[in-house]
Each structure stands twice: as structure tokens, then as C-alpha cells.
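# Inside the fold
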Amino acid sequence: MSFVVGVGGSGSGSGGDGGGSQHHDGSETDRKKKRYHRHTAQQIQRLESSFKECPHPDEKQRNQLSRELGLAPRQIKFWFQNRRTQLKAQHERADNSALKAENDKIRCENIAIREALKHAICPNCGGPPVSEDPYFDEQKLRIENAHLREELERMSTIASKYMGRPISQLSTLHPMHISPLDLSMTSLTGCGPCGHGPSLDFDLLPGSSMAVGPNNLQSQPNLAISDMDKPIMTDIALTAMEELLRLLHSNEPLWTRTDDCRDILNIGSYENVFPRSSNRGKNHNFRVEASRSSGIVFMNAMALVDMFMDSVKWTELFPSIIAASKTLAVISSGMGGTHEGALHLLYEEMEVLSPLVATREFCELRYCQQIEQGSWIVVNVSYDLPQFVSHSQSYRFPSGCLIQDMPNGYSKVTWVEHIETEEKEPIHELYREIIHRGIAFGAERWVTTLQRMCERFASLSVPASSSRDLGGVIPSPEGKRSMMRLAQRMISNYCLSVSRSNNTRSTVVSELNEVGIRVTAHKSPEPNGTILCAATTFWLPNSPQNVFNFLKDERTRPQWDVLSNGNAVQEVAHISNGSHPGNCISVLRGSNATHSNNMLILQESSTDSSGALVVYSPVDLAALNIAMSGEDPSYIPLLSSGFTISPDGNGSTSEQGGGASTSSGRSSSSGSLITVGFQIMVSNLPSAKLNMESVETVNNLIGTTVHQIKTALSGPTASTTA
């Protein structure tokens, strides 16, 4: 290995024989020839010992080593840089050898499966599958055996860690459908691949315990990135990081402050400072949303970086913003066991919790770099990949955040979100204001959600300290953590059910009808059966906080909960998960419940400046006892229903209300946008027919709930709701 710096490392220094000899080749460029120095064995031993303790010494540590070893600080710095490069190369060589052996094994199995696929038959008609390319027919995934599936998953993990090396062409197939669910509805037309009439598949991923979950993301492989593309991706990421740093540290004229104290990017100044390349020329049909926000969060920088660079943790951290996230390839996994220099290629889908707003899809690069001790930057920038075409035609300019450590486990996070988008459909009038102003997908929403979720994670790791937290029902801190994990799954379930994500197993049964209700259906393993999800959004002239207080309070629940039949409920367990008293998990029980009625209600409520959630699910007493005792709650069935409450954008004009509100107009004062979502089981049979009666039932359930909420909040007691 050759080094251009003036030192060798680990006994492998290049270019010299001890310090004095010089060689000239007659070229004039040798006038500034560098001297090379080979360290002594004692120096190398001391440097190696220091490297094992700290691969990234700060300036103080480098100066100390310099004085101790009689070397210049610059020599110490370059030695550590070269040593890190050597270590990374050694690891890659060893892992690539193991990967090659595994790859050969998978390739042999792949050849055998290709031969088997040539004789595949259609499970419906018994004939050969109908496909332009039989190898890519979805039916063929069922031929894969369990051993190959496990091998593929294991190899995908290894390949994604080391630059996305290819493992098997089978990974480009989509999940297979085992038992299609026939919907006997006149609104569903068309025929299946074998011509047997309308057939919709609501199959979920094997082993999934959520009612809805990512579909085509799970089937996508870890992409093979060519050696030619990797330097291009790295260059794009570094350029994006430089731009983001400048945006983070600049003020006027790049940023302007709005009347509501929000930082909005001055597009004219931005284009003067950062001219666009020819392939991203200005398009007047596109709209730009760019904002900046900052806040203090209760989590240290390293923990945040770890969550940001893990697509699964990233989705859990932002369930109300991220509908789906998938790491497609790992171009660089970082250095020294950290995420410094890590570069990932991701697919991401962003959502607003409403059936009225289309999601935004991105294929993007995510790059992480340590700027200085305790300071990290994570940058996202779109990367054009032909395999992933955004339905919303959105492009993410350099966006992301700067994370700076603060005392006592806190961090300061400064966020920039910069998106260019062209919706393929008109924005619904209810959301036009907050989307055009960059609030719905803006930086402030990211920061406030992060602050609230960090408080939630902090409370997850802190044992309950009061009898109210445990409510006299949950016996242990382990039970508290298990209940919080169950509630987190309930929240994620609800968020996917009310949004318009393209990455769920749900099939649209009824698109927005005359009152704005969207109905989807899917087949669920837990609870086992066919689930209908219905959602709509409507406007209220009340503030988000008043609506949240009304929906959260168990005392006012009989006024809107159709399924409670007007019976009161009482809280039997309570877990606080944030500084705001409204951020909590509750277990509710009907006041008239008998010993034969073993159903309780698990509810989580949360609120911040960007909006609020009240989500609940009926849970069997026996199942809830499993979670309360601290056991794994992953297989407890959930039917998540609830409400999303958000500001309407302040000062909306007098327009006709949307969603379920078709007769009342919106006043000039600000109000709230409420998304209500219900999930009901219509059949617990493995093969079921869905008729219009089931759809009408869930439509009536939503319509009645909306009417009762409007009636209650328009009455004289609405203003006193607490």
C-alpha cells in the first residue's frame, strides 16, 4: 500500500530506508520531493496500543503522543489515517472471501431452482404460468424452499454490509400469494391471470404480526452496485454534505424568517449560491418546499446516528412520517466500528396520516460523517435509480440534520428539509394550505416528532417510579416495557392503515366516496382473518389541543365511541411516556364490564406542536396479562383504530369542508384536521367473501363517529373539555 504522506505505519511505511537516502529521477517535479520516515519498533508498538484504545484520537491525544514519541503531530495524524485504511482493507478482504464462498453455494442452488421453475404450473388452472418472462412470474417464489429463503436473508445482510455485492437473481421476485380472497363486489372488475374473474390477494408476509406491513420493499434485493457507480455516489454524497453544512450555518439571505417564526429557504438566493446541474434544470411545473428547524432532544448524538443509519430503527422513530424505508445497498459501512463515512442507498416513502394526501417516494443516498468530537451530520440526497420511480415525482435536494452533543445526554438537532415535487393529482383543499406552506413535510415536523419520540424511548428505559405509572396493575418494569412495545406496534399499525402508502398488502376496496371515506382490505395472520380498514379526514373549527383533550379523556369517550353504546370507561393502568401529561399509555375498561367480558382497551395518546394522536385497540384480558407480565407481546392480535389531529395551517379561507364534512363551511379562523381510522374484522375464515354489507357497516361506523364528534364539540361543553 502506498501513502502520499510523509510517514509509514505499522512497519509498512513506504518510500524510504531510514530517513536519509533520496532518489532522483531527473524530473523537475522532484524539487519538492517529500521525505519518508520509518518509525522504530517502540514507536509502532506505542502507536498500535493507542490505536486499539482509540482509532480516532483528538488533537489533545495526538499532541501527547507526539511529545511522548518524538514525532510531529502531523505524523501522528497521518499514521492513524493510514492505519484505519489498512484495517478496513483487511476486514474487507477477509469478509469478501467468505462472501464469495457463500455466493458460490447460493448460485448452485439458484441453478437448481431455475430448472425446477421451468416445470412450474399455475395453482389455479393447472396450466403453465402466463408471463412474458416465466422466471419473473410471481407464482414461482412458492417453489423456493425454507433453506434457500434463510440463506438469501443471511447473504443479503452480509452483502449489504460490504458494498451490496450480488447474491442471487431470485431476490428480484415479489412475494407470492397463497390463497387469494375473492371479493364479490360489483365495483371490482377484471380477471386474474387465469381468467377466473375478480380476485384480490390480501396475503401478508410470513410471520408478520402487524395487520398491515411493507409489501414490495421486503421483496427487493440488496442491489449490486458497480465499481463505476460507487465513486459517483460518494462524490454526490460529499457534495451534498458540503451544501447541507452551508445551509445549516447560513442565515440571510439564504433563509428568511416567516411571521410564525419558521425558517424558509429563499429560492432565488439558493439558486445563485448553488446553481443546478443541467440534468436538474429548473422546471416551472415543480414546486419547492424548503425549511429549517432546530431543537433539543433527550438522546445523545451517537445513539441518534445509530438509529438514523438503520432503516428499521428509522421507521420506528418516525412512524407518523415514514410509511416505509428499506436499505437497498451499503456502499460504505463506516470506519472504526462507527458510522463515520457510512454511505447507504435507500428507498423511502413519506406520508401524511390521511387518505386525502398522496405519499412521496424517494430513492436516496444517506451519508454520515463526524464533523468534530461530539458533532455528526447525516445528509439525504435523491439518487436517480431507474428501478424506483416515484409516484409523486419528488426529488430530495441535500437535506438532513446536524447533531451536536450537549451535557446530560441531550443533543441539539438542526434539521433542513428541501424537496422539489410535482403531484400527479390535485392537492385536496383541506391540506392545500399546510402542504403549500411546507408544514406537512417540513423540517419542524421532523424535529418535534423526534423530540417526542426520544422522550418516549427514554421513558422506555427508565423503570416506573410511581404507583400511577403502574396503575396497580402492571407488576414490574419489564411489564411496562412490554406494554410500551405493544403500544408502539399499535401506533405503527394505525399509521399505515390510514395513509395512502404504496407499500402495504392492503387492497383498495372503495376509493374516496362522496363523503371522503376510503376503504381497504387485507388478510391478517394476527388476528387471523379478513380486516377492513376505513379512514376519512374532516375539519373542525376547534383548536387541536381542545380536540385532543376531548378524544383522549375517558370521561368524554361515551360521547363519540359508537361501540361503547354510551357506557362509561375507567382507566385501570397508566404509563407516562413524555413530559406532556397527554403523552401516555392507558388501559381502559368498561365500568359495566362483567367477569364474562374479558375485553379491555389499550390506548396511547401523544401530542406535540405538529399534531396529536389518539390510537386504541381492543385487547383480550389474557393477552394483555402476557404483556403486563413482561413477556414478548409480538403475537398479541391488534385492530388499531383512532384519530390523527393536526393544525389546518392557520387562517384558512372560507371554503367548503372536505372529507366527511360536506355541509359545513370553514371559518376564517384556524381549526383542526382530524383523520379518523377504523379497523374491523369481517371474517375469521381462511377463505372469505367480502360483500357490500361489510363495506356499508364500516362506512356507517365512521360516519356516525364523525357526526357525534362534531355534535359534542359544537355544544356548550366543548370549550370546557379538559
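Everything numeric in this text was worked out from a predicted model, so none of it was measured.

### Thoughts on the overall build of the protein
Helix and strand content of the protein: 16 helices and 19 strands. The contacts in the protein between residues at least 6 apart in sequence include a share of 69% that link residues at least 24 apart. Of the roughly 32700 Å² of accessible surface on the protein, 52% is carried by carbon and sulfur atoms.

### Structural notes on the confidence of the model for the protein
Mean pLDDT over the protein stands at 76; residues scoring 70 or higher make up 69%. Contacts for the low-pLDDT stretch residues 717-722, under 50 throughout, to residues beyond four places or in other chains number 10 contacts.

### Section: the pattern of salt bridges
Pairing between side chains of opposite charge can happen when the charged atoms of each approach one another. Taken as a whole and assessed by the stated rule, the structure comprises 22 salt bridges. Two residues, D260 and R437, come together in a salt bridge whose shortest N-O distance is 2.8 Å. Of this pair, D260 sits in the loop between β1 (255-257) and β2 (263-265) while R437 is found in the loop between α10 (429-436) and α11 (443-461), placing the two residues 177 residues apart along the sequence. On the basis of relative accessibility, which here comes to 34%, the residue D260 falls in the partly exposed class. Residue R437 is classed as partly exposed on the basis of its relative accessible area of 26%. Two residues, R456 and E604, come together in a salt bridge whose shortest N-O distance is 2.9 Å. With R456 in helix α11 and E604 in strand β16 (residues 599-608), this pair connects stretches of sequence that are 148 residues apart. One continuous salt-bridge network, built from bridges that share partners, spans E348, E364, R366, R396 and E417.

### Points about α10
Side chains of residues three or four places apart in an α-helix project in the same direction, reflecting 3.6 residues per turn. Every buried residue belonging to α10 is among L430, Y431, I434 and I435, and all of these are buried. Considered in projection along α10, the buried side chains sweep an arc of 100° and stay on one side of the axis. Buried-residue contacts for α10 involve β3 (287-297), β6 (360-372), β13 (528-540), β18 (641-647) and β19 (672-683). Just past α10, the residue G438 takes up positive phi, approximately 75°.

### Re the environment of T239
Tracing the sequence through the fold places T239 in helix α6 (residues 229-249). Taking the C-alpha atoms as reference, T239 lies 8.8 Å from P398; in sequence the two are 159 residues apart.

### Details of the packing of helix α14 (residues 544-552) against helix α16 (residues 692-714)
Direction vectors running N to C along α14 and α16 enclose 115°, while the axes themselves pass 12 Å from each other. Considered as vectors, α14 and α16 are oriented roughly perpendicular to each other. The element α14 and its partner α16 pack so that their crossing is right-handed. Contacts from V547, F550 and L551 in α14 reach I709, A712 and L713 in α16. Split by residue class, the contact of α14 with α16 holds 6 nonpolar, no polar and no charged.

### With respect to the environment of S226
Tracing the backbone through its elements, the reader meets S226 in the loop between α5 (216-219) and α6. Owing to a relative accessible area of 33%, S226 belongs among the partly exposed residues under this scheme. In this structure the C-alpha to C-alpha distance between S226 and I331, which are 105 residues apart in sequence, comes to 9.9 Å.

### Remarks on the packing of helix α1 (residues 41-53) against helix α2 (residues 59-69)
Two numbers describe how α1 lies on α2: the axes approach to 11 Å, and their chain directions differ by 160°. Here α2 runs roughly antiparallel to α1, going by the angle between their axes. Pair α1 / α2 crosses with right-handed handedness. Mapping the contact onto sequence places Q43, R46, L47 and S50 in α1 and L65, E68 and L69 in α2.

### Here's the deal with the side chain of H344
Examined against the element boundaries, H344 turns out to sit in strand β5 (residues 343-350). Not counting chain neighbours up to four residues away, the residues in contact with H344 comprise M309, A329, V330, I331, S332, E364, L365 and R366.

### Side note on the packing of aromatic side chains
Taken as a whole and judged by the stated rule, the model has 17 aromatic pairs. Taken together, a centroid distance of 6.0 Å and an interplanar angle of 75° make the contact between F318 and W415 edge-to-face. Of the two residues, F318 sits in the loop between α9 (311-317) and β4 (322-332) while W415 sits in strand β10 (residues 411-421), which places them 97 residues apart along the sequence. W415 shares its class with F318; the two are buried. The aromatic ring of F51 is capped on one face by R83, whose charged end is 5.3 Å from the ring centroid. Geometry around F362 places R396 over its ring, the cationic atom sitting 5.6 Å from the centre.

### Overview of a nonpolar patch on the surface
A grouping of I296, F298, M406 and Y410 is seen on the molecular surface, where their side chains present a nonpolar patch of about 340 Å² in accessible area. Position of F298 relative to the elements: it lies in the loop between β3 and α8 (301-308). By relative accessible area, F298 is classed as partly exposed at 37%.

### A few points about the side chain of S66
Along the chain, the position of S66 falls in helix α2. A relative accessible area of 9% places S66 in the buried class. Non-local contacts of S66, meaning those with residues more than four positions away in its chain, are made with L71, A72, P73 and I76.

### So, the state of the cysteines
Applying the stated rule across the entire model yields 0 disulfides. In this model C401 remains outside any disulfide bridge; the closest cysteine sulfur is found in C368, 8.9 Å from its own.

### Some remarks on unusual backbone geometry
Following E252, the chain continues into P253 via a peptide bond in cis, with omega recorded as 5°. Positionally, P253 belongs in the loop between α6 and β1. The phi angle at C261 is positive, at roughly 65°, despite the residue not being glycine. The topology assignment puts C261 in the loop between β1 and β2.

### Side note on the pairing of strand β15 (residues 584-590)
Most of β15 sits out of view: 5 of its 7 residues are buried. As paired strands, strand β14 (residues 569-576) and β15 are joined by 7 bridges and run antiparallel to one another. The partner of H574 across the bridge, within β15, is S586. Note: β15 against β16, 5 bridges, orientation antiparallel.

### Description of the nonpolar core
Among the nonpolar cores identified, the biggest contains 42 residues, and L304, F308, F318, W415, Y431 and L450 are the most heavily contacted of them. Sorting the residues of this core by element identifies α8, α9, β6, β7 (375-382), β9 (399-405), β10, α10 and α11 as the ones contributing at least two each. Tallying contributions element by element places α11 first for this core, with 6 residues. One finds W255, Y270, A324 and L365 within the second-largest nonpolar core, a separate group that totals 35 residues.

Definitions and cut-offs
Numbers given for residues are sequential positions, taken from 1 along each chain in its written order. In keeping with the model being predicted, local features are shown solely for residues with a pLDDT of at least 70 and side-chain atom pairs are shown and tallied solely at 80 or more, while totals for entire chains, interfaces and linings include all residues. Each side-chain value is derived from all of the structure's non-hydrogen atoms; neither hydrogens nor water enter the calculation. The secondary structure listing takes helices from DSSP runs of H or I that are at least 4 residues long and strands from runs of E that are at least 2 residues long, numbered from the N terminus. Note on contacts: a residue pair qualifies if any of its non-hydrogen atoms lie within 4.5 Å across the two residues. Accessible areas in this description were obtained via Shrake-Rupley with a 1.4 Å probe; residue shielding takes into account the shown protein chains only. The quantity known as pLDDT measures the predictor's confidence residue by residue, on a range of 0 to 100. When a carboxyl oxygen of Asp or Glu is within 4 Å of a side-chain nitrogen of Lys or Arg, the pair counts as a salt bridge. A simple rule labels every residue: compare its accessible area, found with a 1.4 Å probe on the protein chains alone, to the largest value its type can have, and call it buried under 20%, exposed over 50%, or partly exposed in between. An arc is given here, and it is the one of the directions from the helix axis to the C-beta atoms. Note on geometry: axes are lines fitted to C-alpha atoms, helical ones only across the stretch in contact, with angles between N-to-C directions running from 0 to 180 degrees. What sets the label is the angle itself: under 35 degrees gives roughly parallel, over 145 gives roughly antiparallel, 65 to 115 gives roughly perpendicular, and the rest give oblique. Note: crossing handedness is left-handed where the near helix turns anticlockwise from the far helix by less than a right angle, and right-handed where it turns clockwise. In this classification, the charged set is Asp, Glu, Lys and Arg, the nonpolar set is Ala, Val, Leu, Ile, Met, Phe, Trp, Tyr, Cys and Pro, and all remaining amino acids, among them Gly, are polar. Each Phe, Tyr or Trp ring, with Trp reduced to its six-membered ring, pairs with another whose centre is within 6.5 Å; inter-plane angles below 30 degrees give stacked pairs, above 60 give edge-to-face pairs, and intermediate values give tilted ones. Sitting over a ring, as applied to charges here, requires NZ of Lys or CZ of Arg to be within 6 Å of the ring centre and within 35 degrees of the ring normal. Surface patches are defined over residues having more than 30% relative accessible area and no salt bridge, joining like charges when they lie within 9 Å and nonpolar side chains (Val, Leu, Ile, Met, Phe, Trp, Tyr) when within 5 Å. Here, two cysteine sulfur atoms that lie within 2.5 Å of each other are counted as a disulfide. A pair of strands is considered paired only if DSSP assigns at least 2 bridges between the two. Each nonpolar core is a collection of buried residues, namely Ala, Val, Leu, Ile, Met, Phe, Trp, Tyr and Cys, held together in the definition by side-chain atoms within 4.5 Å.

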